[in-house]
Amino acid sequence: MKGKFKLSYISVIVLVVAYIFSAGRFLLLPKGEGEGGSGKRQVLVAHWQLEPGFREGLQWAIDQYNELPHVREAGIQVEQTGITEKVYSQFMNVHLISGTAPDIAAKGKTELIKGNAVAKFFAALGSYVTEPNPYNNIQNLSSDLDPQLAEYLAKAPWKDTFVDGMAGGYDEQLDDYYAVPIASFGSMRIFYNMTFVKAAKEMILEGLASDPQPEWLQNCWIREENGEVRGFLPENDRLYSWLDSEEPPETLGQLILFCEAVNAYSRKMGIDTLVPVSGSKYNATDLTNYYQNVFFSHFADRVKMVPSSVNLSTLESVAGWYEGNVWNFDEPAIYQAFELGKIFTKYYPTGYVGLDREQAQRRFVLGNAAAISSGGWDAAGILFGAANRDKPEDRFNVVIRPAPFPSEGERWEDYLPNRFSAADANAGVPLAINKASKNFDWALDFLKFITSQPINEEMTLRARWLPAIIGSKATETMAPFTPIIEGRPKDWVLGMKLSGGFESVYTGQRKLYLDGSITYDEFVQRLRDFLDIPEVGMKRSWFRLHQQEADTMRANDRSMSVEDFESFFFDDQRARERTESILYQSLTNDEGVSSEILWKHYNPGKEFPKF
């Protein structure tokens, strides 16, 4: 009713008040003092890594730095503030634009501060990364390091002491280093509850000994019915060898058999809450996305690429289907990707699309799921939770393995030949220095300190993450997350993340198909119907790409003017190098000409869209 206060407003008011209090507290904290009026100059580090272990590991490194004699003498106090991912973008956007951002901040998660805007708000570090890291001197390095490696770390340029050559902090568009990565995430892996692995194998062996075998087991054997392939794996020596071992599933067929056995076990034991895989809307917990990308990586040689690009863009991918007839959703590799997705989502909890990352992990830790997929960033929390249940009898051993692929004779062996290579995996948590910081020298000194070999090793051991620095040991629990370099190039995947709403439409309709709400033909037609809409569909995407390229060129020209000014008046060699790089990018971007060339390839004789 009009004039009546709605109870729903209360939550909004509470959120607004909380945000104002938090932002006000941050703004009012004296930059020349630490909390509590210590009289020290505060150097604040902001990040969104709230996983168990990370903040504790970083705090240890901060405490070590704060106790250094020259830091104490200067009255410097480094502090960290962890901010949830949900508000990190808004927090950084507001404070960077207003000039009140922390001295050091994790780079990323900021939609406004990207591209050329990075150079406006974050300091370029290229002139510093070519010098040795002073904290890597021989006296500071671990005593058990190989002498040659120790000498290398002491003399090598700072950037060359990183496992990825500091690529995680390099900005290709700006041709400079704008961040310092301090740890490595580790690739996606599957966590198995070994109690259920053992129980599932017992169910399989019991079924194999039965005559006749139970229907769920018979349905797993690969076969041909009415001209179509059914089942997942053959009953062969490899299967029996795996059943005789203590290993979790080693092939994709075995993984699906394991899931079916878990379902059979839950029915037998009357455990209604048990599911094979703890899936959720969080991408890392949805195995269907991982396998789909491999299915979608067979068409890069057909798609016409933007002349100035070496990677396959989303627009090229979608245009190749919608306009170019380069690939279609009836391709066996494409169709089978969705068929595998339909099979896998049966093993997720009911309503998994409404569950978040924490709920998925909680289900696994509480013993209500036999497996969960995620990255190394979640390993510490999952392993701790499984090993520290309140009742000793509820605790369980966890084994971590890469997502398995089909072996010879299994279904999908032709479409899933191998995994993606992680040879180009970059170190993560890239920390950048606020260009407006009054503590630049101390911020830089701190980043050098935490990326020295002994400190980075101990910090990541405590955090239970992979280290970012050469020669640093990793905790044994992180060994399974070591990058696997063999495999397919991951940059040649048909992408569906087209801006302007198509990604949301694709994701939503895909979920409807996977849960059986719509047919495959309806799914494909709904995608085409959306792209047919001129205001938001394919034509708008072409226009948006052209506009972005033109805007990028103009932004490059503005950046080039600044760099040219600094190179001339301040005799800055790095500025001269950046000027040359930006000039090359402007010439290759050519104010949207490349998108016009690609348009003509797919739409010969048609006028480029205008709005």
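Residues numbered from 1 in each chain as written. Predicted model: local features only at pLDDT ≥ 70, side-chain atom pairs only at ≥ 80, totals over all residues. Heavy atoms only, no water.

**Let's talk about the overall build of the protein**
Part 1 of the reasoning: What the protein contains, in helices and strands, is 22 helices and 13 strands.
Part 2 of the reasoning: Counting the 611 residues in the protein, one finds 51% classified as buried.
Part 3 of the reasoning: Considering only intrachain contacts with a sequence separation of at least 6, the fraction spanning at least 24 residues in the protein is 73%.
Part 4 of the reasoning: Counting only carbon and sulfur atoms, one obtains 52% of the accessible surface of the protein, whose full area is about 29500 Å². (Helix = DSSP H or I, 4+ residues; strand = E, 2+ residues; numbered from the N terminus. Buried < 20%, exposed > 50% of the residue type's maximum accessible area, 1.4 Å probe, protein only. Contact = heavy atoms within 4.5 Å. Areas by Shrake-Rupley, 256 points an atom, 1.4 Å probe, with all protein chains shown as cover.)

**Concerning the pattern of salt bridges**
Part 1 of the reasoning: Summed over all chains, the structure comprises 15 salt bridges.
Part 2 of the reasoning: The salt bridge partner of glutamate 85 is arginine 357, with a shortest N-O separation of 3.4 Å. In this pair, glutamate 85 sits in helix α4 (residues 85-98) while arginine 357 sits in helix α14 (residues 357-365), placing the two residues 272 residues apart along the sequence.
Part 3 of the reasoning: By relative accessible area, glutamate 85 is classed as partly exposed at 35%.
Part 4 of the reasoning: By relative accessible area, which is 11% here, arginine 357 ends up buried.
Part 5 of the reasoning: Lysine 473 serves as the salt-bridge partner of aspartate 144, at 2.5 Å between the closest nitrogen and oxygen. (Salt bridge = Lys/Arg side-chain N within 4 Å of Asp/Glu carboxyl O.)

**Some points on helix α15 (residues 379-387)**
Part 1 of the reasoning: Ala379, Ala380, Gly381, Ile382, Gly385 and Ala386 are the residues of α15 that are buried.
Part 2 of the reasoning: On its buried side, α15 packs onto β7 (189-193), α14, β11 (369-374), β12 (398-401) and α17 (453-463).

**Brief notes about the side chain of serine 421**
Part 1 of the reasoning: With respect to the helices and strands, the residue serine 421 is situated in the loop between β12 and β13 (428-433).
Part 2 of the reasoning: Classification of serine 421 as buried rests on a relative accessible area of 14%.
Part 3 of the reasoning: Residues within four places of serine 421 in sequence aside, it is in contact with Ile484, Ile485, Glu486, Gly487, Arg488 and Lys490.

**Quick look at the sheet that holds β11**
Part 1 of the reasoning: The strand order β10-β11-β7-β12 describes an open sheet built from four strands, whose pairing is mixed. This sheet does not close on itself; its edge strands, each paired only once, are β10 (275-277) and β12. Here the average twist between neighbouring strands, direction ignored, is 20°.
Part 2 of the reasoning: Both β7 and β11 contribute to a ladder of four bridges, which runs antiparallel. Pairing of arginine 189 across the sheet is with serine 374, part of β11. (Pairing = 2+ DSSP bridges. Axes fitted to C-alpha atoms, helices over the stretch in contact; angles between N-to-C directions.)

**Things to note about α14**
Part 1 of the reasoning: Among the residues of α14, those classed as buried are Arg357, Ala360, Gln361, Phe364 and Val365. Projected down its long axis, α14 shows its buried positions confined to an angular sector of 130°, all on one face.
Part 2 of the reasoning: Looking at the packing, one finds that the buried side of α14 touches α4, β7, β11, α15 and β12.
Part 3 of the reasoning: Among the residues of α14, the N-terminal cap falls to aspartate 356, whose side-chain oxygen and the backbone nitrogen of glutamate 358 are separated by 3.2 Å.
Part 4 of the reasoning: Residue glycine 367 follows α14 closely and has a positive phi angle near 80°. (Arc of directions from axis to C-beta. Polar contact = N/O pair within 3.5 Å; in protein donor to acceptor, adjacent residues only side chain to side chain.)

**Things to note about a nonpolar patch on the surface**
Part 1 of the reasoning: Together, Phe565, Phe568 and Phe569 give the surface a local cluster of nonpolar side chains, amounting to about 390 Å² of exposed area.
Part 2 of the reasoning: Mapping phenylalanine 565 onto the fold places it in helix α20 (residues 538-569).
Part 3 of the reasoning: A relative accessible area of 44% means that phenylalanine 565 is categorised as partly exposed. (Patch = residues over 30% accessible without salt bridge, like charges linked within 9 Å, V, L, I, M, F, W, Y side chains within 5 Å.)

**Re the confidence of the model for the protein**
Part 1 of the reasoning: In this model, the protein carries an average pLDDT of 87, and 87% of its residues clear a pLDDT of 70 or more.
Part 2 of the reasoning: Of all helices and strands in the protein, the one with the weakest mean pLDDT is helix α1 (residues 8-28) (51), whereas β10 scores best (98).
Part 3 of the reasoning: The low-confidence segment residues 1-5, where pLDDT is below 50, has two contacts with residues more than four positions distant or belonging to other chains.
Part 4 of the reasoning: Counted against residues more than four places away or in other chains, residues 25-37, with its pLDDT under 50, gives 25 contacts. (pLDDT = per-residue confidence, 0-100.)

**Describing the nonpolar core**
Part 1 of the reasoning: Judged by nonpolar contacts, the single largest core of 90 residues is most densely connected at Phe258, Tyr291, Phe296, Phe329 and Phe523.
Part 2 of the reasoning: Mapping this core onto the domain boundaries places at least three of its residues in each of domain 2 (189-401) and domain 3 (498-602).
Part 3 of the reasoning: Core analysis: the next-biggest nonpolar cluster, separate from the first, contains 62 residues, Trp60, Phe91, Tyr135 and Phe162 among them. (Core = buried A, V, L, I, M, F, W, Y, C linked by side-chain atoms within 4.5 Å. Domains from an automatic or database assignment.)

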